[in-house]
Amino acid sequence: MPEVPEESSVSSPRILREEPAWLVVDKPAGWHTVAGRGESGSHVEGWLRETRPELAGLDECGLVHRLDRFTSGCLLVAKDAASRERLRDAFSGRGGDLRKTYLALVAGRAEPGSFTLSFASRHKGSEKVTVAPRGEPATIGRCRWTVAARRTHETLLEVELLGPGRRHQIRAGLASLGFPLVGDPLYRGPEHPRGVHLHAWRLEVDGVPTESPRPAWAGG
């Protein structure tokens, strides 16, 4: 597992946008989304409990979804139980107006494309998930992407998640096509001291877009 990026260890979440029913938090890389058993380190759930005590009575302080520890960017938080249920349904593909776009720096020369793959159980004793071309409907994940920039040995992609997201969908899916993320040795990507180069860049909720500033590795 990569070390926590140095700049993230001293940064904190911040609110990017606030609407009557929800808000979007900018999550730093290296932070957990929620408090986990046996896990050390800062988490957004605890930060919300301290900075927005009115959310403390909601499950996970209103957090609607999760991002991996080393994924930075837009994290959606509901401000009441009914909104949380509605938005969680939208994230699960059961209606709702929601769009999710990520920035991913991958090794190799990738072209614009898409995938529809099955993301099944983790490998025994590992965090890694199994990717297959087909599977049960509940395991299917879909993405499409465009090329944002090219470098000598890397490609910066804008990746849109289509429908419900699966665990490690972008990381495992792109790696299965031969384009692992930089800083993601779990999926055979080149190691990097700043960890996995994946950023939840743009989140559109109820037709309202929010963008998290691009990290330095994405040209920010």
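Treat the numbers as computed from the prediction; the structure is a model and nothing was measured.

Chemist: Even after reading the chapter, I still don't get empty space enclosed by the protein, so can you show me in this structure?
Modeler: To locate leftover empty space, one rolls a probe as large as a water molecule over the atoms. Applying the stated rule across the entire model yields one cavity of 30 Å³ or more. In this structure, the largest cavity spans a volume of roughly 50 Å³. In terms of lining residues, the largest cavity is bounded by His 65, Leu 67, Cys 74, Lys 100, Thr 101, Tyr 102, Ala 200, Arg 202 and Leu 203. Looking at side-chain class alone, the lining of the largest cavity contains five nonpolar, two polar and two charged residues.

Chemist: Looking at this model, I keep getting lost on the layout of surface pockets. Mind explaining?
Modeler: Roughly 1400 Å³ of internal volume is contained in the largest pocket. Looking at the largest pocket, it is lined by 41 residues, and the ones nearest its centre are Arg 66, Leu 67, Asp 68, Arg 167 and His 168. For the lining of the largest pocket, the elements supplying multiple residues, two or more each, are helix H2 (81–91), strand S4 (98–107) and helix H3 (169–176). When the residues that make up the lining of the largest pocket are grouped by side-chain class, the tally is 17 nonpolar, nine polar and 15 charged.

Chemist: How do you make sense of the pairing of strand S10 (residues 208–211) when you look at a structure like this?
Modeler: For a regular strand, side chains alternate in direction, first toward one face of the sheet and then toward the other. Pairing between strand S9 (residues 198–205) and S10: four bridges, direction antiparallel. Paired with Leu 203 across the strands is Thr 210, a residue of S10. In this antiparallel pair of consecutive strands, S9 and S10, the connection spans two residues, and Asp 206 shows a positive phi of 55°.

Chemist: What should I look at first to understand the confidence of the model for the protein chain in this one?
Modeler: Interpretation of this model should avoid reading the predicted coordinates in detail wherever pLDDT is low. Mean pLDDT over the protein chain stands at 90; residues scoring 70 or higher make up 91%. The weakest mean pLDDT in the protein chain belongs to strand S5 (residues 113–122) at 91; the strongest belongs to strand S2 (residues 22–27) at 98. Low pLDDT (under 50) marks residues 1–10, which in the prediction has 20 contacts with non-local residues, meaning those over four places away or in another chain.

Chemist: Just to check I follow, could you spell out helix H1 (residues 44–51) for this structure?
Modeler: For an α-helix the count is 3.6 residues per turn, leaving residues at separations of three or four pointing the same way. When we look at burial in H1, the residues that qualify are Val 44, Glu 45, Gly 46, Trp 47 and Leu 48. The inward-facing, buried residues of H1 abut strand S1 (14–18), S2 and strand S3 (72–78).

Chemist: Can you help me understand the environment of Ala 172 in this one?
Modeler: Summarising the element assignment, Ala 172 is placed in helix H3. With 44 residues separating them in the primary sequence, Ala 172 and Lys 128 have C-alpha atoms 8.0 Å apart.

Chemist: I keep staring at the pairing of strand S8 (residues 154–162) and nothing clicks. Help me out?
Modeler: Counting buried positions along S8 yields seven of nine residues, so the element is predominantly enclosed. Inspection of the sheet shows strand S7 (residues 140–150) paired to S8 by eight bridges, in the antiparallel sense. Counted as the bridge partner of Val 147 is Leu 157 from S8. The antiparallel hairpin formed by S7 and S8 contains three residues in its connecting segment.

Chemist: Any chance you could explain the pattern of salt bridges here in plain terms?
Modeler: Side chains bearing opposite charge may pair, as long as their charged atoms lie close to each other. A complete count under the given rule lists 21 salt bridges for this structure. Of the charged contacts in the structure, one is a salt bridge between Glu 154 and Arg 151, with a shortest N-O distance of 3.9 Å. Arg 151 gets classed as partly exposed once you look at its relative accessible area, which sits at 35%. The salt bridge involving Asp 184 is made with Arg 171; its shortest N-O contact spans 2.7 Å. Of the two residues, Asp 184 is situated in the loop between H3 and S9 and Arg 171 in helix H3; the sequence distance between them amounts to 13 residues.

Chemist: Just checking my understanding: could you explain H3 for this structure?
Modeler: Burial of H3 is extensive: seven of the eight residues sit out of reach of the surface. A positive phi of about 95° marks Gly 178, the residue just after H3.

Chemist: What is the right way to look at the packing of aromatic side chains in this model?
Modeler: Geometrically, a pair of aromatic rings is defined through the distance of the ring centres and the angle of the planes. A full pass over the atoms with the stated rule returns two aromatic pairs. Ring geometry for Phe 115 against Phe 119: centres 6.0 Å apart, planes inclined by 50°, an arrangement best described as tilted. Ring pairs connect the aromatic residues Phe 115, Phe 119 and Trp 145, which therefore count as one cluster. Across the ring face of Trp 201, the terminal group of Arg 214 is positioned such that the distance to the ring centre comes to 4.8 Å.

The rules behind each value
- Residues numbered from 1 in each chain as written.
- Predicted model: local features only at pLDDT ≥ 70, side-chain atom pairs only at ≥ 80, totals over all residues.
- Heavy atoms only, no water.
- 1 Å grid on protein atoms, 1.4 Å probe; cavity = no way out; pocket = protein on both sides within 12 Å on 5 of 7 lines; lining within 4 Å.
- Points joined across faces, edges and corners; volume = space filled by probe spheres on them.
- Nonpolar A, V, L, I, M, F, W, Y, C, P; charged D, E, K, R; others polar.
- Helix = DSSP H or I, 4+ residues; strand = E, 2+ residues; numbered from the N terminus.
- Pairing = 2+ DSSP bridges.
- pLDDT = per-residue confidence, 0-100.
- Contact = heavy atoms within 4.5 Å.
- Buried < 20%, exposed > 50% of the residue type's maximum accessible area, 1.4 Å probe, protein only.
- Salt bridge = Lys/Arg side-chain N within 4 Å of Asp/Glu carboxyl O.
- Phe/Tyr/Trp six-rings, centres within 6.5 Å; stacked < 30°, edge-to-face > 60°.
- Lys NZ or Arg CZ within 6 Å of the ring centre and 35° of its normal.

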